[in-house]
Amino acid sequence: MPFSKLGLAPAVLEGVKAMGYAAPTPIQLRAIPLIVAGRDVIGSAQTGTGKTAAFALPILSKLGAHSAEKSPRALILEPTRELAAQVETSFRDYARFVNLKITVIFGGVGYGRQNDSLRTGTDIIVATPGRLLDHLEQGTVKLDKVEFLVLDEADRMLDMGFLPDVRRIVERCPRARHTALFSATIPPQIETLINWAMRNPETIEIGARRSPAETVKHVIYPVADSQKIDLLLKLLDSVKYESVIVFCRTKHGADRVAQLLKRNNHAVCVLHSNRTQREREQALRGFRDGRFEVLVATDIAARGLDIADVSHVINYDVPQHPEDYIHRIGRTGRAEATGDAFTIMTAEDGSHVFAIERFISQKIPRVKLENFDYKYTALFEENKPGRPAGFPGRARAVRVHGGYHFGPARRRR
Ligand code: AMP
(Lines give C-alpha, C1' and ligand atoms only; values in the text may rest on other atoms or scores of the structure.)
Protein backbone atom coordinates (compact mmCIF):
# COMPACT_ATOMS: atom_id res chain seq x y z
CA MET A 1 0.00 0.00 0.00
CA PRO A 2 1.42 3.43 -0.89
CA PHE A 3 1.82 6.31 1.58
CA SER A 4 -0.95 8.18 -0.24
CA LYS A 5 -3.58 5.69 1.04
CA LEU A 6 -2.77 6.16 4.74
CA GLY A 7 -4.74 9.34 5.34
CA LEU A 8 -1.75 11.71 5.45
CA ALA A 9 -2.01 15.38 4.48
CA PRO A 10 -0.80 16.24 0.93
CA ALA A 11 1.98 18.54 2.21
CA VAL A 12 3.26 15.75 4.48
CA LEU A 13 3.18 13.32 1.53
CA GLU A 14 5.37 15.82 -0.34
CA GLY A 15 7.87 15.62 2.52
CA VAL A 16 7.86 11.82 2.41
CA LYS A 17 8.44 11.94 -1.33
CA ALA A 18 11.35 14.31 -0.88
CA MET A 19 12.87 11.82 1.59
CA GLY A 20 12.80 9.23 -1.19
CA TYR A 21 10.73 6.67 0.72
CA ALA A 22 9.16 4.36 -1.83
CA ALA A 23 6.68 2.59 0.43
CA PRO A 24 5.69 2.55 4.12
CA THR A 25 7.49 0.14 6.43
CA PRO A 26 5.30 -2.38 8.32
CA ILE A 27 5.06 -0.24 11.46
CA GLN A 28 4.16 2.81 9.37
CA LEU A 29 1.45 0.81 7.60
CA ARG A 30 -0.10 -0.18 10.91
CA ALA A 31 0.48 2.91 13.07
CA ILE A 32 -0.23 5.79 10.69
CA PRO A 33 -3.93 5.02 10.01
CA LEU A 34 -4.54 4.41 13.73
CA ILE A 35 -2.96 7.69 14.82
CA VAL A 36 -4.75 9.53 12.00
CA ALA A 37 -8.01 8.02 13.31
CA GLY A 38 -7.24 9.35 16.79
CA ARG A 39 -6.39 6.05 18.51
CA ASP A 40 -3.79 5.62 21.26
CA VAL A 41 -1.04 3.30 20.02
CA ILE A 42 1.59 1.12 21.69
CA GLY A 43 4.35 0.25 19.23
CA SER A 44 6.80 -2.48 20.04
CA ALA A 45 8.77 -2.43 16.83
CA GLN A 46 12.53 -2.64 16.87
CA THR A 47 14.71 0.36 16.23
CA GLY A 48 15.48 0.97 12.60
CA THR A 49 11.97 0.00 11.49
CA GLY A 50 10.92 3.53 10.62
CA LYS A 51 9.06 4.21 13.86
CA THR A 52 9.88 7.92 13.94
CA ALA A 53 7.97 8.51 10.71
CA ALA A 54 5.23 6.19 12.02
CA PHE A 55 4.34 8.80 14.63
CA ALA A 56 5.74 11.98 13.06
CA LEU A 57 3.81 11.78 9.77
CA PRO A 58 0.30 11.41 11.26
CA ILE A 59 1.01 14.04 13.93
CA LEU A 60 2.18 16.54 11.31
CA SER A 61 -0.89 15.75 9.23
CA LYS A 62 -3.26 16.25 12.16
CA LEU A 63 -1.63 19.46 13.35
CA GLY A 64 -2.02 21.02 9.91
CA ALA A 65 -0.62 24.53 9.97
CA HIS A 66 1.06 26.76 12.54
CA SER A 67 -1.30 27.86 15.24
CA ALA A 68 -1.39 31.29 16.88
CA GLU A 69 -1.27 29.34 20.13
CA LYS A 70 2.12 29.72 21.83
CA SER A 71 1.99 26.44 23.68
CA PRO A 72 2.88 23.21 21.89
CA ARG A 73 0.18 20.92 20.54
CA ALA A 74 2.48 17.93 20.22
CA LEU A 75 5.08 16.72 22.70
CA ILE A 76 7.59 13.96 22.03
CA LEU A 77 9.65 12.70 24.98
CA GLU A 78 13.00 11.02 24.29
CA PRO A 79 15.47 9.43 26.71
CA THR A 80 18.68 11.05 25.41
CA ARG A 81 19.78 14.34 23.91
CA GLU A 82 21.04 12.59 20.81
CA LEU A 83 17.70 10.93 20.18
CA ALA A 84 15.85 14.18 20.82
CA ALA A 85 18.08 15.97 18.29
CA GLN A 86 17.65 13.18 15.78
CA VAL A 87 13.87 13.04 16.09
CA GLU A 88 13.70 16.82 15.76
CA THR A 89 15.69 16.55 12.53
CA SER A 90 13.30 13.89 11.23
CA PHE A 91 10.31 16.09 12.06
CA ARG A 92 11.92 18.99 10.19
CA ASP A 93 12.63 16.74 7.20
CA TYR A 94 9.07 15.45 7.02
CA ALA A 95 7.63 18.92 7.70
CA ARG A 96 9.57 20.79 5.05
CA PHE A 97 6.40 21.58 3.10
CA VAL A 98 4.31 22.24 6.20
CA ASN A 99 4.26 25.47 8.15
CA LEU A 100 4.80 24.18 11.68
CA LYS A 101 7.27 25.29 14.33
CA ILE A 102 9.40 22.63 15.97
CA THR A 103 11.56 23.10 19.07
CA VAL A 104 14.04 20.72 20.63
CA ILE A 105 14.69 20.91 24.36
CA PHE A 106 17.47 19.05 26.15
CA GLY A 107 19.99 19.59 28.93
CA GLY A 108 23.73 20.18 28.71
CA VAL A 109 23.28 23.40 26.71
CA GLY A 110 22.24 26.96 27.63
CA TYR A 111 18.64 28.06 28.08
CA GLY A 112 18.85 31.10 25.78
CA ARG A 113 17.84 29.60 22.45
CA GLN A 114 15.26 27.33 24.01
CA ASN A 115 13.67 30.25 25.85
CA ASP A 116 13.62 32.35 22.66
CA SER A 117 11.97 29.61 20.71
CA LEU A 118 9.38 28.94 23.43
CA ARG A 119 8.65 32.66 23.79
CA THR A 120 7.85 33.07 20.10
CA GLY A 121 5.62 29.98 20.18
CA THR A 122 6.04 26.44 18.93
CA ASP A 123 3.73 23.73 17.62
CA ILE A 124 5.86 20.69 18.43
CA ILE A 125 8.37 20.06 21.21
CA VAL A 126 10.82 17.19 21.15
CA ALA A 127 12.39 16.97 24.61
CA THR A 128 14.27 15.00 27.20
CA PRO A 129 12.33 14.89 30.49
CA GLY A 130 14.78 16.67 32.84
CA ARG A 131 15.19 19.92 30.94
CA LEU A 132 11.51 20.04 30.02
CA LEU A 133 10.65 19.86 33.72
CA ASP A 134 13.06 22.74 34.38
CA HIS A 135 11.18 24.81 31.80
CA LEU A 136 7.84 23.83 33.33
CA GLU A 137 9.06 24.89 36.75
CA GLN A 138 10.38 28.19 35.41
CA GLY A 139 7.09 28.78 33.62
CA THR A 140 8.79 29.10 30.21
CA VAL A 141 6.51 26.43 28.76
CA LYS A 142 2.98 25.16 29.36
CA LEU A 143 1.60 21.84 28.25
CA ASP A 144 -2.10 22.58 28.58
CA LYS A 145 -2.62 22.61 24.80
CA VAL A 146 -0.95 19.27 24.10
CA GLU A 147 -3.11 17.14 21.80
CA PHE A 148 -0.47 14.53 20.87
CA LEU A 149 1.93 13.00 23.34
CA VAL A 150 4.59 10.48 22.29
CA LEU A 151 6.60 8.53 24.85
CA ASP A 152 9.42 7.20 22.71
CA GLU A 153 11.86 4.50 23.86
CA ALA A 154 9.84 4.15 27.06
CA ASP A 155 11.84 1.19 28.35
CA ARG A 156 15.04 3.18 28.00
CA MET A 157 13.48 6.08 29.92
CA LEU A 158 12.64 3.54 32.61
CA ASP A 159 16.23 2.20 32.64
CA MET A 160 17.56 5.73 32.98
CA GLY A 161 15.32 6.47 35.95
CA PHE A 162 13.14 9.00 34.10
CA LEU A 163 9.72 7.47 34.76
CA PRO A 164 8.92 9.75 37.75
CA ASP A 165 9.82 12.78 35.56
CA VAL A 166 7.73 11.37 32.72
CA ARG A 167 4.74 11.01 35.05
CA ARG A 168 5.08 14.58 36.26
CA ILE A 169 5.17 15.78 32.67
CA VAL A 170 2.17 13.68 31.63
CA GLU A 171 0.23 15.11 34.58
CA ARG A 172 0.72 18.58 33.10
CA CYS A 173 -0.84 17.54 29.77
CA PRO A 174 -4.61 17.62 29.22
CA ARG A 175 -6.44 14.34 29.75
CA ALA A 176 -8.16 14.70 26.42
CA ARG A 177 -5.17 13.94 24.23
CA HIS A 178 -3.81 11.20 21.99
CA THR A 179 -0.92 9.20 23.36
CA ALA A 180 1.51 6.91 21.57
CA LEU A 181 4.15 4.87 23.37
CA PHE A 182 7.08 3.06 21.78
CA SER A 183 9.10 0.51 23.66
CA ALA A 184 11.11 -2.53 22.59
CA THR A 185 10.01 -4.37 25.73
CA ILE A 186 7.04 -3.83 28.05
CA PRO A 187 8.24 -4.46 31.62
CA PRO A 188 5.66 -4.15 34.46
CA GLN A 189 6.47 -0.49 35.20
CA ILE A 190 5.74 0.40 31.57
CA GLU A 191 2.53 -1.62 31.75
CA THR A 192 1.53 0.52 34.75
CA LEU A 193 2.38 3.68 32.85
CA ILE A 194 0.31 2.47 29.90
CA ASN A 195 -2.72 1.77 32.11
CA TRP A 196 -2.40 5.17 33.70
CA ALA A 197 -1.54 7.33 30.71
CA MET A 198 -3.32 5.75 27.76
CA ARG A 199 -6.91 5.25 26.70
CA ASN A 200 -7.88 1.94 25.14
CA PRO A 201 -4.59 1.65 23.23
CA GLU A 202 -4.06 -0.55 20.21
CA THR A 203 -0.84 -2.57 20.36
CA ILE A 204 1.27 -2.96 17.26
CA GLU A 205 3.97 -5.56 17.38
CA ILE A 206 6.18 -5.73 14.34
CA GLY A 207 8.08 -8.98 13.97
CA ALA A 208 9.08 -10.99 16.99
CA ARG A 209 9.78 -8.45 19.69
CA ARG A 210 12.94 -10.18 20.71
CA SER A 211 14.52 -11.06 17.41
CA PRO A 212 17.41 -9.09 15.98
CA ALA A 213 16.82 -7.40 12.62
CA GLU A 214 16.76 -10.06 9.94
CA THR A 215 19.20 -8.12 7.83
CA VAL A 216 22.00 -8.55 10.37
CA LYS A 217 24.43 -11.46 10.34
CA HIS A 218 25.81 -11.94 13.80
CA VAL A 219 28.60 -14.08 15.20
CA ILE A 220 30.67 -14.47 18.35
CA TYR A 221 34.46 -14.45 18.49
CA PRO A 222 35.62 -16.24 21.63
CA VAL A 223 39.08 -15.20 22.76
CA ALA A 224 41.32 -15.16 25.84
CA ASP A 225 40.81 -12.02 27.91
CA SER A 226 44.39 -10.84 27.33
CA GLN A 227 43.85 -10.90 23.56
CA LYS A 228 40.64 -8.86 23.29
CA ILE A 229 42.26 -5.73 21.96
CA ASP A 230 44.53 -7.65 19.56
CA LEU A 231 41.51 -9.47 18.20
CA LEU A 232 39.62 -6.20 17.77
CA LEU A 233 42.53 -4.72 15.82
CA LYS A 234 42.80 -7.81 13.68
CA LEU A 235 39.05 -7.83 13.06
CA LEU A 236 39.16 -4.21 11.93
CA ASP A 237 42.03 -5.06 9.60
CA SER A 238 40.41 -8.13 8.10
CA VAL A 239 36.88 -6.84 7.62
CA LYS A 240 35.90 -4.53 4.80
CA TYR A 241 33.99 -2.02 6.84
CA GLU A 242 32.74 1.41 5.90
CA SER A 243 31.74 2.52 9.32
CA VAL A 244 31.77 0.56 12.53
CA ILE A 245 30.48 1.12 16.04
CA VAL A 246 32.49 -0.55 18.80
CA PHE A 247 30.47 -0.96 21.99
CA CYS A 248 32.15 -0.98 25.40
CA ARG A 249 30.64 -1.56 28.80
CA THR A 250 32.14 1.44 30.59
CA LYS A 251 33.07 5.01 29.72
CA HIS A 252 36.59 4.38 30.89
CA GLY A 253 36.79 1.24 28.74
CA ALA A 254 35.49 3.17 25.74
CA ASP A 255 38.15 5.84 26.18
CA ARG A 256 40.87 3.22 26.51
CA VAL A 257 39.78 1.29 23.41
CA ALA A 258 39.50 4.54 21.43
CA GLN A 259 43.06 5.51 22.43
CA LEU A 260 44.42 2.15 21.35
CA LEU A 261 42.61 2.30 18.03
CA LYS A 262 43.88 5.82 17.45
CA ARG A 263 47.41 4.65 18.12
CA ASN A 264 46.85 2.05 15.44
CA ASN A 265 45.87 4.68 12.91
CA HIS A 266 42.12 4.28 12.92
CA ALA A 267 39.99 7.42 12.54
CA VAL A 268 38.11 7.16 15.81
CA CYS A 269 35.59 9.16 17.82
CA VAL A 270 34.01 8.43 21.19
CA LEU A 271 30.43 8.77 22.43
CA HIS A 272 29.52 8.40 26.09
CA SER A 273 27.79 10.41 28.77
CA ASN A 274 30.94 11.94 30.32
CA ARG A 275 31.54 13.83 27.12
CA THR A 276 30.18 17.34 26.84
CA GLN A 277 27.22 17.97 24.60
CA ARG A 278 29.57 19.67 22.13
CA GLU A 279 31.93 16.71 22.05
CA ARG A 280 29.03 14.32 21.60
CA GLU A 281 27.64 16.35 18.71
CA GLN A 282 31.05 16.64 17.09
CA ALA A 283 31.59 12.90 17.39
CA LEU A 284 28.22 12.08 15.84
CA ARG A 285 28.62 14.63 13.06
CA GLY A 286 32.11 13.42 12.23
CA PHE A 287 30.96 9.82 12.20
CA ARG A 288 27.93 10.57 10.06
CA ASP A 289 29.92 12.52 7.47
CA GLY A 290 32.62 9.86 7.29
CA ARG A 291 35.51 11.73 8.95
CA PHE A 292 35.62 9.01 11.58
CA GLU A 293 35.28 5.41 10.52
CA VAL A 294 35.04 3.99 14.00
CA LEU A 295 32.72 5.19 16.74
CA VAL A 296 33.52 3.79 20.17
CA ALA A 297 30.46 4.05 22.38
CA THR A 298 28.76 2.94 25.54
CA ASP A 299 25.12 1.89 25.49
CA ILE A 300 23.96 5.49 25.41
CA ALA A 301 24.48 5.26 21.65
CA ALA A 302 22.83 1.88 21.33
CA ARG A 303 19.26 3.01 21.29
CA GLY A 304 17.54 4.55 18.37
CA LEU A 305 20.36 6.68 17.03
CA ASP A 306 19.93 6.80 13.31
CA ILE A 307 23.40 6.60 11.97
CA ALA A 308 22.97 5.63 8.36
CA ASP A 309 25.06 2.93 6.72
CA VAL A 310 26.80 1.44 9.70
CA SER A 311 28.35 -1.57 8.06
CA HIS A 312 29.46 -3.28 11.27
CA VAL A 313 28.79 -3.36 14.97
CA ILE A 314 31.41 -4.86 17.24
CA ASN A 315 30.58 -5.64 20.84
CA TYR A 316 33.99 -5.28 22.44
CA ASP A 317 32.24 -6.16 25.70
CA VAL A 318 29.26 -8.48 25.82
CA PRO A 319 26.20 -6.44 26.84
CA GLN A 320 25.00 -7.23 30.34
CA HIS A 321 21.32 -6.91 29.51
CA PRO A 322 20.02 -9.11 26.72
CA GLU A 323 17.80 -6.32 25.36
CA ASP A 324 20.89 -4.18 24.86
CA TYR A 325 22.23 -6.81 22.49
CA ILE A 326 19.25 -6.25 20.21
CA HIS A 327 19.60 -2.51 20.43
CA ARG A 328 23.32 -2.53 19.83
CA ILE A 329 23.18 -4.72 16.80
CA GLY A 330 20.16 -2.78 15.61
CA ARG A 331 22.60 0.00 14.68
CA THR A 332 23.44 -2.00 11.60
CA GLY A 333 20.99 -3.54 9.16
CA ARG A 334 18.68 -0.53 9.50
CA ALA A 335 15.78 -0.11 7.10
CA GLU A 336 16.82 -2.03 4.01
CA ALA A 337 20.60 -2.21 4.42
CA THR A 338 22.35 -5.34 5.63
CA GLY A 339 25.05 -5.33 8.26
CA ASP A 340 27.26 -7.52 10.37
CA ALA A 341 27.51 -7.72 14.14
CA PHE A 342 30.44 -9.28 15.97
CA THR A 343 30.66 -9.99 19.67
CA ILE A 344 33.98 -10.59 21.35
CA MET A 345 33.55 -13.08 24.17
CA THR A 346 35.86 -14.18 26.96
CA ALA A 347 35.46 -16.98 29.50
CA GLU A 348 33.90 -14.46 31.92
CA ASP A 349 31.03 -13.75 29.55
CA GLY A 350 29.44 -17.20 29.43
CA SER A 351 26.35 -16.45 31.47
CA HIS A 352 25.65 -13.16 29.67
CA VAL A 353 25.95 -14.79 26.26
CA PHE A 354 23.68 -17.58 27.38
CA ALA A 355 21.13 -15.04 28.59
CA ILE A 356 21.25 -13.26 25.22
CA GLU A 357 20.78 -16.51 23.32
CA ARG A 358 17.83 -17.45 25.49
CA PHE A 359 16.36 -13.98 25.02
CA ILE A 360 16.57 -14.09 21.23
CA SER A 361 15.84 -17.84 21.07
CA GLN A 362 18.84 -18.32 18.82
CA LYS A 363 22.28 -19.78 19.15
CA ILE A 364 24.81 -17.25 17.89
CA PRO A 365 27.50 -18.99 15.86
CA ARG A 366 31.04 -19.04 17.32
CA VAL A 367 33.72 -18.26 14.78
CA LYS A 368 37.49 -17.90 14.74
CA LEU A 369 39.48 -15.38 12.81
CA GLU A 370 41.94 -16.79 10.33
CA ASN A 371 45.59 -15.82 10.72
CA PHE A 372 45.15 -14.72 14.30
CA ASP A 373 47.56 -16.20 16.78
CA TYR A 374 45.07 -17.43 19.37
CA LYS A 375 46.12 -18.25 22.90
CA TYR A 376 44.25 -21.18 24.33
CA THR A 377 41.05 -20.46 26.23
CA ALA A 378 38.63 -22.94 27.78
CA LEU A 379 36.00 -21.45 25.48
CA PHE A 380 37.45 -23.50 22.65
CA GLU A 381 36.23 -26.59 24.48
CA GLU A 382 32.60 -25.69 23.89
CA ASN A 383 31.62 -28.80 21.97
CA LYS A 384 33.18 -31.23 24.40
CA PRO A 385 31.05 -33.08 26.94
CA GLY A 386 31.00 -31.13 30.20
CA ARG A 387 31.50 -27.84 28.36
CA PRO A 388 31.26 -24.69 30.44
CA ALA A 389 27.87 -23.17 31.14
CA GLY A 390 26.72 -20.69 28.57
CA PHE A 391 26.95 -22.89 25.52
CA PRO A 392 23.55 -24.31 24.94
CA GLY A 393 24.23 -25.91 21.60
CA ARG A 394 26.64 -26.81 18.87
CA ALA A 395 27.65 -24.38 16.15
CA ARG A 396 27.37 -25.44 12.52
CA ALA A 397 30.54 -25.31 10.46
CA VAL A 398 30.02 -22.53 7.97
CA ARG A 399 32.49 -19.99 6.70
CA VAL A 400 31.80 -16.38 7.50
CA HIS A 401 33.80 -13.19 7.05
CA GLY A 402 37.11 -14.92 6.49
CA GLY A 403 36.61 -16.66 9.79
CA TYR A 404 35.08 -20.04 10.45
CA HIS A 405 32.83 -21.64 12.95
CA PHE A 406 34.27 -23.81 15.60
CA GLY A 407 34.31 -27.37 14.43
CA PRO A 408 35.45 -30.44 16.31
CA ALA A 409 38.72 -30.71 14.34
CA ARG A 410 39.74 -27.16 15.09
CA ARG A 411 38.81 -26.84 18.67
CA ARG A 412 42.34 -26.74 20.02
CA ARG A 413 44.33 -24.33 17.99
P1 AMP B 1 13.76 4.92 12.62
O2 AMP B 1 13.38 3.51 12.99
O3 AMP B 1 12.64 5.87 12.72
O4 AMP B 1 14.99 5.37 13.38
O5 AMP B 1 14.18 4.91 11.06
C6 AMP B 1 15.26 4.19 10.57
C7 AMP B 1 15.70 4.63 9.18
O8 AMP B 1 14.74 4.23 8.21
C9 AMP B 1 15.85 6.13 9.02
O10 AMP B 1 17.06 6.35 8.31
C11 AMP B 1 14.67 6.56 8.16
O12 AMP B 1 15.01 7.68 7.35
C13 AMP B 1 14.45 5.33 7.33
N14 AMP B 1 13.06 5.16 6.89
C15 AMP B 1 11.95 5.43 7.63
N16 AMP B 1 10.84 5.13 6.91
C17 AMP B 1 11.26 4.66 5.71
C18 AMP B 1 10.58 4.19 4.55
N19 AMP B 1 9.26 4.12 4.47
N20 AMP B 1 11.36 3.79 3.50
C21 AMP B 1 12.71 3.83 3.57
N22 AMP B 1 13.40 4.27 4.64
C23 AMP B 1 12.69 4.68 5.71
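See the structure above.
These lines cover the structure that appears in this document, whether it is placed above or below. (Residues numbered from 1 in each chain as written. Predicted model: local features only at pLDDT ≥ 70, side-chain atom pairs only at ≥ 80, totals over all residues. Heavy atoms only, no water.)

Here's the deal with the overall build of the protein
For step 1, the next point in the chain: Summing up its helical and strand segments, the protein has 14 helices and 16 strands in all.
For step 2, the next point in the chain: Relative to its 413 residues, the protein shows a buried fraction of 58%.
For step 3, the next point in the chain: When contacts within the protein are restricted to residue pairs at least 6 apart in sequence, long-range pairs at least 24 apart make up 75% of them.
For step 4, the next point in the chain: When the accessible surface of the protein is split by element, carbon and sulfur atoms take 48% of a total near 17,700 Å². (Helix = DSSP H or I, 4+ residues; strand = E, 2+ residues; numbered from the N terminus. Buried < 20%, exposed > 50% of the residue type's maximum accessible area, 1.4 Å probe, protein only. Contact = heavy atoms within 4.5 Å. Areas by Shrake-Rupley, 256 points an atom, 1.4 Å probe, with all protein chains shown as cover.)

Details of the pattern of salt bridges
For step 1, the next point in the chain: A full pass over the atoms with the stated rule returns 19 salt bridges.
For step 2, the next point in the chain: The salt bridge involving D116 is made with R119; its shortest N-O contact spans 3.2 Å. Of this pair, D116 and R119 both sit in helix α5 (residues 112–120), separated by 3 residues, roughly a single helical turn.
For step 3, the next point in the chain: Overall, the relative accessible area of 41% leaves D116 in the partly exposed class.
For step 4, the next point in the chain: D159 is the salt-bridge partner of R156, the closest N and O atoms lying 3.7 Å from each other. With R156 and D159 both in helix α7 (residues 154–159), this residue pair falls 3 residues apart, about one helical turn.
For step 5, the next point in the chain: Under the relative-accessibility criterion, D159 is labelled partly exposed at 47%.
For step 6, the next point in the chain: Each of K51, D152 and E153 takes part in salt bridges that share partners, so that together they form one network. (Salt bridge = Lys/Arg side-chain N within 4 Å of Asp/Glu carboxyl O.)

Considerations on unusual backbone geometry
Glycine aside, residues mostly have negative phi, and peptide bonds are mostly found in the trans state.
For step 1, the next point in the chain: Of note, the phi angle at E153 is positive, near 50°, even though the residue is not glycine.
For step 2, the next point in the chain: As for its position among the elements, E153 is in the loop between β5 (148–151) and α7.
For step 3, the next point in the chain: With phi around 60°, N371 is a residue other than glycine that occupies positive phi space.
For step 4, the next point in the chain: Locating N371 in the fold gives a position in the loop between β14 (367–369) and β15 (399–400).

Section: the packing of helix α4 (residues 81–94) against helix α12 (residues 277–288)
For step 1, the next point in the chain: Direction vectors running N to C along α4 and α12 enclose 55°, while the axes themselves pass 11 Å from each other. Considered as vectors, α4 and α12 are oriented oblique to each other. Regarding α4 and α12, the two cross each other, and that crossing is right-handed. Only Q277, R280, L284 and R288 of α12 make contact with α4, whose side of the interface consists of R81, E82 and Q86.
For step 2, the next point in the chain: By residue class, the composition of the contact of α4 with α12 is 1 nonpolar, 2 polar and 4 charged. (Axes fitted to C-alpha atoms, helices over the stretch in contact; angles between N-to-C directions. Parallel < 35°, antiparallel > 145°, perpendicular 65-115°, else oblique. Left-handed = near helix turned anticlockwise from the far one by under 90°. Nonpolar A, V, L, I, M, F, W, Y, C, P; charged D, E, K, R; others polar.)

Some words on the sheet that holds strand β3 (residues 102–105)
For step 1, the next point in the chain: Pairing is parallel across the open sheet formed by 7 strands, whose spatial order is β3-β4-β2-β5-β6-β1-β7. Only two strands of the sheet have a single neighbouring strand rather than two, namely β3 and β7 (202–204). The sheet shows a mean angle of 15° between the axes of neighbouring strands, taken without regard to direction.
For step 2, the next point in the chain: Packing of helix α2 (residues 26–36) onto the sheet brings it into contact with β1 (41–43), β6 (178–182) and β7, and relative to β7 it is tilted by some 165°. (Pairing = 2+ DSSP bridges.)

A few points about the nonpolar core
Inside soluble globular proteins, nonpolar side chains tend to come together where they are buried.
For step 1, the next point in the chain: The biggest cluster of nonpolar side chains holds 56 residues, and the ones touching the most others in it are Y221, L232, V246, V257, L261, V296 and I314.
For step 2, the next point in the chain: Sort the elements by how many residues they give to this core and helix α10 (residues 228–238) lands first, with 6 residues.
For step 3, the next point in the chain: Excluding anything up to four places from it in sequence, L261 contacts L232, L233, L236, H266, V268, V294 and V296.
For step 4, the next point in the chain: Formed by 41 residues, the second largest nonpolar core is a distinct cluster that contains L60, L63, F91 and I204. (Core = buried A, V, L, I, M, F, W, Y, C linked by side-chain atoms within 4.5 Å.)

Thoughts on helix α1 (residues 10–19)
For step 1, the next point in the chain: Those residues of α1 that sit buried are V12, G15 and V16. Around the axis of α1, the buried residues are gathered within 100° of arc, so they sit on the same side. Those residues of α1 that are exposed and aimed more than 90 degrees away from the buried face are P10 and K17.
For step 2, the next point in the chain: Tucked inside the fold, the buried residues of α1 contact α3 (51–63) and α4. (Arc of directions from axis to C-beta.)

Some thoughts on the packing of α10 against helix α11 (residues 251–263)
For step 1, the next point in the chain: Two numbers describe how α10 lies on α11: the axes approach to 11 Å, and their chain directions differ by 50°. Judged by the inter-axis angle, α10 sits oblique to α11. At the point where α10 passes α11, the crossing takes the right-handed sense. Contact residues: I229, L232, L233 and L236 in α10; V257, L260 and L261 in α11.
For step 2, the next point in the chain: The residue inventory of the contact of α10 with α11, partitioned by class, reads 7 nonpolar, no polar and no charged.

Topic: the sheet that holds strand β9 (residues 244–247)
For step 1, the next point in the chain: Across the sheet, 6 strands lie side by side as β8-β13-β12-β9-β11-β10; this open sheet has parallel pairing. Looking at the sheet topology across the chains shown, the edges are occupied by β8 (216–222) and β10 (268–271). Each adjacent strand pair in this sheet contributes to an overall mean axis angle of 20°, direction not counted.
For step 2, the next point in the chain: Where β10 and strand β11 (residues 294–297) come together, 4 bridges link them in parallel fashion. Its bridge partner being in β11, C269 is matched across the sheet by L295.

Section: the pairing of strand β13 (residues 339–345)
For step 1, the next point in the chain: For β13, the tally of buried residues reaches 7 of 7 residues, placing the bulk of the element in the interior.
For step 2, the next point in the chain: Burial along β13 is two-sided: G339, A341, T343 and M345 facing one way and D340, F342 and I344 facing the other are all buried.
For step 3, the next point in the chain: In the sheet, β8 pairs with β13 via 7 bridges, with the strands oriented parallel. The residue of β13 that forms the bridge with P222 is M345.

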